[in-house]
Amino acid sequence: MKEQISQIFSFLKEYAYAAEAAFVLLITMVLAIIQAYVFKKLLHSLKRKNKLWEKAIVSALFKPLQWFIWIIGVTFSVDLLSGYSENAFIFQIVSPIRKVFVVFVLVWFMLAFIKEIEKVLLVAGSTKRRMSKTTIRAISQVLKVLVIVTCTFIILQTTLGVGASAILAFAGGGSISIGFAAKDMLSNFFGGLMIFLDRPFAIGERIRSSDGKTEGVVEEIGWRLTKIVTLEKVPLYVPNSYFLNTSIENPSRMKNRRIKTTIGVRYKDVKKIPEIVKDVEAMLKSHEGIDQDNIVIARFTSFGTSSLDLLIYAFTKTIQFDEFTKVQQDIFFKVMEIIENYKASCAFPTTTVHIPDAVEMVGK
């Protein structure tokens, strides 16, 4: 019996490092379970209390922290095993792998945090109008790029021992070849950058290209593509480089809509034209839908082939298309009413044949 007990103790002493590693893994698993339980409860509480900023931090930290616990626990247990097997290659690369994974988890957390903050700002922006969606997403994407680039440099320096000068030299030399290979991609990138800086349009605005090929509502602006929903409700993905060389109209930012039309009156009503023009202009200047700070005119402008042409020129207060058409329709009805009040009429294409007296006599 004593001999068996002695053998057991001898076995435990010989493989004590394995027990230590297993114990560390057990503690790691317990900590991961506790962390998941606590964070879920915390997230539920913050969501119920509508604490958006605190919820953003906890949401971003949830999964990265869980991975961090497992990375530290697993690599530490492997370190315990390495003390008994120093020649194994896998034990020699544990430290660099741990550094890479720690940086990876840090990048994960920062990117998730930026995404959560973007959501919070979009909610705040939609209620308080402090920042536009375009600005928020532009800042978010720039921060994500900075985080990825910075952490890439950190990994190269900490794990591979690459110096900053070597990284910069490689980046400088590689940028030339990358520039030729990815010319279109870089053009789209800088096109997106110009959109974010110049802000010719924003998310939710309706735009139209000068060539008439692109028209719709901007739904999303990315670094490579801009998503536009056309008037037929069809998604259209436009490369950002397109906007570098194309003039863009932005009807969403107009202050007024213009009414410009020509109405023809019969030649036989020529004596009534001055009064008709006077009443039409008075009607325009008193109409509640017309912006009186802009030019408002009604003029007799030309002698048409079949009519005396009256120009109506004004700007509506509204820029909404539906409201604009209602105002325009009301004005047209009132113009026709004014013309009818003078016993006049709108002209239509007619042809008058003049027969000289000599021809009439010959006919007789």
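Since we're looking at a predicted model, the values are computed, not measured. (Residues numbered from 1 in each chain as written. Predicted model: local features only at pLDDT ≥ 70, side-chain atom pairs only at ≥ 80, totals over all residues. Heavy atoms only, no water.)

Below, the discussion takes up the sheet that holds strand 4 (residues 235-239). Strand order in the open sheet formed by five strands is 4-3-2-1-5, with antiparallel pairing between adjacent strands. The two strands at the open ends of the sheet, each matched to only one other strand, are strand 4 and strand 5 (248-249). Sheet topology places strand 1 (residues 206-209) next to strand 2 (residues 215-221); three bridges connect them, and they run antiparallel. Note that in strand 2 the partner of R206 across the bridge is V217. (Pairing = 2+ DSSP bridges. Helix = DSSP H or I, 4+ residues; strand = E, 2+ residues; numbered from the N terminus.)

Under the defined criterion, the tally for this structure stands at eleven salt bridges. Close ionic contact of R208 with E215 constitutes a salt bridge, the shortest N to O distance being 3.3 Å. Between K285 and E281 there is a salt bridge whose closest N-O contact spans 3.2 Å. Residue K285 and its partner E281 are located together in helix 9 (residues 273-286), separated by four residues, close to a single helical turn. One network of salt bridges, with partners in common, ties together R206, R208, E215 and E249. (Salt bridge = Lys/Arg side-chain N within 4 Å of Asp/Glu carboxyl O.)

This brings us to the pairing of strand 1. Only one face of strand 1 is buried, namely the one carrying I207 and S209, since none of R206 and R208 on the opposite face is buried. Counting the residues between successive antiparallel strands, the hairpin from strand 1 to strand 2 contains five residues, one of them, G212, with a positive phi of roughly 80 degrees. The pairing of strand 1 with strand 5 spans two bridges and is antiparallel. Along strand 5, the bridge assignment pairs S209 with I248. (Buried < 20%, exposed > 50% of the residue type's maximum accessible area, 1.4 Å probe, protein only.)

Once that is clear, we can look at the pairing of strand 7 (residues 297-303). Sheet topology places strand 7 next to strand 8 (residues 308-316); six bridges connect them, and they run antiparallel. Directly across from F300, in strand 8, lies its bridge partner L310. Between strand 7 and strand 8, which pair antiparallel one after the other, the connecting turn spans four residues.

The next point concerns the sheet that holds strand 8. Read from one edge of the open sheet, three strands run 6-8-7, paired in antiparallel fashion. Looking along the sheet, the strands with just one partner apiece sit at the ends: strand 6 (257-265) and strand 7. Averaged over all pairs of adjacent strands, the angle between strand axes in this sheet comes to 25 degrees, irrespective of strand direction. With nine bridges joining them, strand 6 and strand 8 adopt antiparallel strand pairing. (Axes fitted to C-alpha atoms, helices over the stretch in contact; angles between N-to-C directions.)

Before going further, it helps to examine the environment of L197. As for its placement among the helices and strands, L197 is situated in helix 8 (residues 183-198). Sequence separation between L197 and A138 is 59 residues; the distance between their C-alpha atoms is 9.1 Å.

If you walk through the whole model with that rule in mind, you get eight aromatic pairs. Ring geometry for F109 versus F113: centroids 6.0 Å apart, planes at 20 degrees, classification stacked. Taken together, the residues span about one helical turn, with F109 and F113 both in helix 5 (residues 94-128) at a distance of four residues. According to the relative accessible area criterion, F109 is partly exposed, its value standing at 23%. Among the residues examined, F113 registers a relative accessible area of 28% and is labelled partly exposed. Measuring from centroid to centroid gives 5.6 Å for Y242 and F243, while their planes differ by 80 degrees, and the two rings are edge-to-face. The exposure class of F243 is buried, given its relative accessible area of 11%. (Phe/Tyr/Trp six-rings, centres within 6.5 Å; stacked < 30°, edge-to-face > 60°.)

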